[in-house]
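The chain contents come next:
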Amino acid sequence: MSDETTERGAPKRPVHRVLVGQKAVVTGANSGIGRGVAVALGQAGADVVVNYVDGDDAADAVVAEIEEAGARAFKFKADVSKEDDVAAMFAQAVKQFGTVDILIANAGLQRDAAFHEMTLDEWNKVLGVNLTGQFLCARAAVREFLRRGPVPSVSSATGKIIHMSSVHQEIPWAGHANYATSKGGIKMLMESLAQEVAPHGIRVNGIAPGAIRTPINTAAWKTKQAYESLMTLVPYGRIGEPEDIARAAVWLASDDSDYVVGTTLFVDGGMTLFPGFATNG
Ligand code: NAD
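Bear in mind the structure is a predicted one, so any value in this text is a computation, not a measurement.

Quick look at the packing of aromatic side chains now. The final tally for this structure, using the stated rule, is 3 aromatic pairs. Judged by centre distance (6.4 Å) and plane angle (90°), the ring pair of F274 and F277 falls under edge-to-face. Like F274, the residue F277 is exposed in the burial classification. Looking at R213, its charged tip hangs above the ring of W221, at a distance of 5.6 Å from the centre.

So, about the packing of helix α1 (residues 32–43) against helix α2 (residues 56–68). Where α1 meets α2, the closest approach of the two axes is 8 Å, and the angle between their N-to-C directions is 25°. Relative to α2, the element α1 lies roughly parallel. Considering only the axes of α1 and α2, their crossing is right-handed. Between α1 and α2, the contacting residues are R35, A38, V39 and G42 on the first element and A58, A61, V62, E65 and I66 on the second. Here the residues of the contact of α1 with α2 sort into 6 nonpolar, 1 polar and 2 charged.

Turning our attention to the site of the ligand. Taken together, 28 residues lie near the ligand, and N30, S31, N106, Y179 and T214 sit nearest. N217 has a polar side-chain atom sitting 2.9 Å from an oxygen atom of the ligand. Burial of the ligand by the protein chains amounts to 91% of its free accessible area of 830 Å². Elements supplying a minimum of two residues to the shell around the ligand: α1 and α5 (177–197). Each residue belonging to the shell around the ligand can be placed in one class, and the counts come to 14 nonpolar, 12 polar and 2 charged.

Okay, the sheet that holds strand β5 (residues 159–164) next. Taken together, 7 strands build an open sheet; the order of strands is β3-β2-β1-β4-β5-β6-β7 and the sheet is parallel. Sheet topology places β3 (73–77) and β7 (264–267) at the edges, where each strand pairs with a single neighbour. Adjacent strand axes in the sheet meet at a mean angle of 20° when their direction is disregarded. As judged from the 6 bridges shared by β5 and strand β6 (residues 202–209), these two strands associate in the parallel manner. Of the residues in β6, the one forming a bridge with H163 is G206. Where helix α4 (residues 120–148) meets the sheet, its contacts fall on β4 (102–105), β5 and β6, and the angle it forms with β5 comes to roughly 175°.

Before going further, it helps to spend a moment on unusual backbone geometry. Positive phi outside glycine occurs at F274, with the angle close to 50°. With respect to the secondary-structure elements, F274 resides in the segment after β7. We classify F274 as exposed; its relative accessible area is 62%. The phi torsion at N280 lies on the positive side, around 75°, for a residue other than glycine. Summarising the element assignment, N280 is placed in the segment after β7.

Within the element layout of this structure, I245 appears in helix α7 (residues 242–253). The spacing of I245 and G128 is 117 residues in sequence and 23 Å in space, taken between C-alpha atoms. Apart from the residues lying within four places of it in its own chain, the contact partners of I245 are I33, V37, M164, I207, P209, I212 and V267.

Criteria and cut-off values
- Residues numbered from 1 in each chain as written.
- Predicted model: local features only at pLDDT ≥ 70, side-chain atom pairs only at ≥ 80, totals over all residues.
- Heavy atoms only, no water.
- Phe/Tyr/Trp six-rings, centres within 6.5 Å; stacked < 30°, edge-to-face > 60°.
- Buried < 20%, exposed > 50% of the residue type's maximum accessible area, 1.4 Å probe, protein only.
- Lys NZ or Arg CZ within 6 Å of the ring centre and 35° of its normal.
- Axes fitted to C-alpha atoms, helices over the stretch in contact; angles between N-to-C directions.
- Helix = DSSP H or I, 4+ residues; strand = E, 2+ residues; numbered from the N terminus.
- Parallel < 35°, antiparallel > 145°, perpendicular 65-115°, else oblique.
- Left-handed = near helix turned anticlockwise from the far one by under 90°.
- Contact = heavy atoms within 4.5 Å.
- Nonpolar A, V, L, I, M, F, W, Y, C, P; charged D, E, K, R; others polar.
- Near = heavy atom within 4 Å.
- Polar contact = N/O pair within 3.5 Å; in protein donor to acceptor, adjacent residues only side chain to side chain.
- Areas by Shrake-Rupley, 256 points an atom, 1.4 Å probe, with all protein chains shown as cover.
- Pairing = 2+ DSSP bridges.

Limitation: the analysis is restricted to geometry and does not speak to function.
See the structure below:
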C-alpha cells in the first residue's frame with residue numbers, strides 16, 4: 001500500500017538518550033518490529049546485539065544504522081529456539097560488551113493453518129520460536145543479571161526484560177491456534193518470571209502490539225481493501241508502525257518506567273477495546 005492512502009502515520013520525534021551506557025540484546029532484529037526496536041535502542045544510547053536467523057545483509061544494515069547513531073552494535077546469527085545458540089549469543093555479548101542490561105525477546109513467526117489441518121511441525125515450530133525461544137533468552141539474561149548484580153550508576157534495575165507478545169495473548173484467533181497459544185503462554189511466562197525475579201531488582205514486562213506494518217502480516221495491509229478491512233478493528237484509525245513499538249520498548253527499558261513490573265503494555269490503537277461494540281454491539 002502506498003503511503004498517501006495512510007491517513008496518519010507514527011509521529012517522527014527524536015528518541016531521548018535514556019539508555020546511554022547500557023547493553024542490549026534484541027532478538028529477531030533484522031526485520032519489522034525488532035529492527036525498529038534495535039535502532040531506537042541505539043538512538044537512545046545503548047549498545048546492541050542484533051540477533052537474526054536469516055538475512056545477513058539486513059542484519060548488517062541494522063548494525064550500520066545503530067553505529068550511525070553513535071552506539072556500538074554487532075550482528076549475531078542464532079536460532080532462539082536452540083539452547084546452544086542462545087548460550088553462544090549471550091557469551092559473545094558479555095565478551096564484547098562486558099554484560100547485558102536489556103533483553104528484548106522479540107523473535108517470532110506464524111505458521112497458520114486450519115486447526116484440523118495443522119501439522120505437528122507447524123505447532124512445534126511456532127511454540128519453539130515464540131515461547132521456548134523467549135524462555136531460553138530470558139533465562140540467559142537473568143543468569144547474566146544475577147552474575148553481574150546491580151550497577152546503580154547504569155540503571156536503577158539490575159536488568160530489564162521485555163517480552164514481545166501480541167494482542168493475541170487476549171484475543172482468540174481462529175486459524176492461528178499455535179500463534180495465539182504461544183502468545184497466551186508469553187503472558188504467563190512474563191508474569192511468573194516478573195514475580196520471581198523482582199526481588200533481585202530485575203524488571204520483566206511485555207509489549208502487546210496490535211497490527212503493525214511488517215513483513216509478518218503483509219496480507220493485512222498491502223492492498224487498499226485489506227487496509228480498510230483492518231481499520232474496522234482499529235479505533236484509532238491507522239496501522240501501527242515499528243516506531244510505535246520501538247518508543248514503548250525504549251521507555252520500558254529505561255529508568256523512566258522503574259516502577260513498572262510485570263505489566264503488558266498494549267500498543268494497539270485500541271484493538272483490544274472490542275471495536276464491534278462502538279456502534280452498540
Ligand atoms: P518479522 O517477520 O518482520 O520479523 C520477525 C523476526 O524474527 C525476523 O528478524 C526473523 O528473522 C526473526 N526470527 C524468526 N525465527 C527466528 C529464530 N528461530 N531465531 C531468531 N530469530 C528468528 O515480524 P514482526 O512483525 O517484526 O514480529 C516481531 C514480533 O512481534 C513477533 O514476536 C510477533 O509475534 C510480534 N507481533 C507482531 C505484530 C505485527 O502486527 N507485526 C503484532 C503482534 C505481535
